[in-house]
Amino acid sequence: MFREPRSGPGGKPSPTSLLAAVAVLAAALLTAAPAAAAQPVNVLPGTAATDVRAKLERDGALTVTERIAVPAGNPVHRTIPLRQPAADGGDRVFSLADVRLDGGDVQVGPDAVRLVLRPGEATFRYAVRGAVADDGPEQEVRWQFSGGWDVPVDRISASLLAPQVPRDITCLAGPVGGDERCDRYEIGRAQQVQALQFGLAPGDRLVLSIRVPGGAVPSNAVVERPFDPAHAFSPHPGAIAGVAGVGLLLIGALGTLRHLRRRDARTAAAATGPAEVLTTTAAGTTFTSPDGVLPGHVGTVLGERAELVDVAGTVVDLAVRNYLGIEELAADWRIVRRSPPDAALRDHERAVHDLLVGERDQVSLGELGRGDLAPVREALYAEVVARGWFARRPDAARNLLWWGGIGIALAGALLAVLLVLTGPLGLIGVAVAVGGLVLTAASRSLPARTARGAVLAGRLRGLRAHLISVPVATFPAADREAACFRALPYALVLGEVERWLAAWADLDAADAPVAHWYRERGAVADLAHLRAALPAFADRLCTCFAAHRSPPGSPEPVTTGAASR
């Protein structure tokens, strides 16, 4: 019991009496403080009161002890969320270990901890993982010290002890998502953070966070983000920078491809000029082609790929040179074996000869079956490389870029999946995938010709111009057959066969050459008939060859007609 202090002169308390009273009151408060900390007291009926003591351990765990005064009556329920919204739109995930509750029942679930507290006093102990997060040069320790009650909370006292002196304190109290500050929070004795709050409504919470120097304890924060396409493919600065980088690389690759194509075109254009199909020497007049190119080579040199019309041109060339004969039937054509292959034939010509007749004496186009064109293509590609027109097989050069583009596209798709699951950088993966697809599409434009091959391409265009414009009547009579028919396979693969034969068909019958290698129902066909029949024969032959397609996945085209180049 406190006595009234004595009065000084004039009825006022003397200074000595006042000092004595203050001393007695201070001693009484210091004596009562531990008791208050040890046992919270409800101020109002029907409300709870808690005293929370937390300590940040050296291993990053936050050990917590709550002493709870539960009001009389029905059990009190409390839910502690283990998944809480984070500032960047994700979910901050916590976990509890070493959970013990005296005075009730506890259930720990994946997303929340649920308590059922009996009236009276309860003690709740646990260790929190996930409360420590790196934030620049500092670490933030954050935990919801109270919340999820189904009754009002009259008083909450909380303290948090850290290994190092906190640099900043934030205490929020009130409805979830609000920014109201606690009634009182400060750094007390022994570097301990203390907070005090009165009067929380059911469902309100108290969140206490502190900042400590970086590396004070191991960080253990876990943030999970549900998949959100708008976020995964958002224009994040990192995503924009990544897309820009991929775009610059793609522009560089396409620019290099364009430069190579233009250089190849300039070389070919410089070599374009008049061409002659006959060369006269002291030994006589002979047929010549630019750089010794054969009809089967023309498509590969100009289009950088072996096409079916090149094989058809080779068949006509073999017929003109008397290795094969072509006979027109009522609704089909028949190929007749005239001379066996010899040393004068190139590998691709021998392969065509074997594909058509082999050891047979004759075969109709309808009986060809499903022969394999691969040996013909292999021989053609090997020959154009051996002649120095290509540094490497053109299909291999394109396939390398084609498969490389496919690989980049698949890697980009996988990267996009990984990035959208981990952050807002999905656009980088999409950009890589699109770049791979662009490279795949551009693979057909990859130039593979050498300088010599580019010169030959120009000379072949000059040969086409020659076939279109040369006055055939100027050829000597003795050389007309060689000039007409030896150039005919080249006119076929260059798309000028009808024009070339029309020019010769306009000559007088006595001056026109005779196609002994092509017969129409047993008789030698005249040039007027051959002008219409030979393109039809080539188309029919290409249709038969079209069944022999390239291996799956190869960018090699299949041409079913004698298309112009």
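You'll find the structure just up there.
Residues numbered from 1 in each chain as written. Predicted model: local features only at pLDDT ≥ 70, side-chain atom pairs only at ≥ 80, totals over all residues. Heavy atoms only, no water.

Asker: Provide a residue-level description of the sheet that holds strand 12 (residues 153-161), including the pertinent values.
Answerer: Taking strand neighbours across the sheet as the criterion, the 7 strands line up as 6-9-2-1-12-15-14 in an open arrangement whose pairing is mixed. A strand with exactly one partner marks an edge of an open sheet, and here the two such strands are strand 6 (95-102) and strand 14 (184-187). The sheet shows a mean angle of 10 degrees between the axes of neighbouring strands, direction not considered. Of the strand pairs in this sheet, strand 12 and strand 15 (residues 192-200) are connected by 8 bridges, and their pairing is antiparallel. (Pairing = 2+ DSSP bridges. Helix = DSSP H or I, 4+ residues; strand = E, 2+ residues; numbered from the N terminus. Axes fitted to C-alpha atoms, helices over the stretch in contact; angles between N-to-C directions.)

Asker: Let's hear about helix 13 (residues 527-545): which residues, and what values?
Answerer: The first and last C-alpha atoms of helix 13 sit 26 Å apart over 19 residues, in line with the 27 Å expected at 1.5 Å per residue. Where helix 13 bends most, at A533, the angle is about 30 degrees, and the proline P535 comes one to four residues later. Buried within helix 13 we find L527, L530, A533, L534, P535, F537, A538, L541, C542, C544 and F545. (Expected span 1.5 Å × (residues − 1). Bend = angle between axes of the 7 residues up to and from the residue. Buried < 20%, exposed > 50% of the residue type's maximum accessible area, 1.4 Å probe, protein only.)

Asker: Give a description of the state of the cysteines that names residues and reports values.
Answerer: Across all of its chains, the model carries 1 disulfide by this definition. A disulfide bridge connects C171 with C182, and the sulfur atoms are separated by 1.9 Å. Of note, the bridge from C171 to C182 carries an S-S torsion of about -70 degrees and is left-handed in sense. Within this pair, whereas C171 is found in strand 13 (residues 168-174), its partner C182 is found in the loop between strand 13 and strand 14, the two being separated by 11 residues in sequence. Taken as a pair, C171 and C182 share a single burial class, namely buried. Free of any disulfide, C542 has its nearest neighbouring cysteine sulfur in C544, separated by 9.2 Å. (Disulfide = S-S within 2.5 Å.)

Asker: Give me the nonpolar core: which residues, what numbers.
Answerer: By size, the foremost hydrophobic cluster in this structure holds 85 residues, and its most contacted members are L356, L488, W500, W517, L530 and F537. Broken down by element, this core gets its largest block of residues, 10 residues, from helix 13. Among the nonpolar cores identified, the runner-up in size contains 46 residues, and V141, L208, I210 and A216 belong to it. (Core = buried A, V, L, I, M, F, W, Y, C linked by side-chain atoms within 4.5 Å.)

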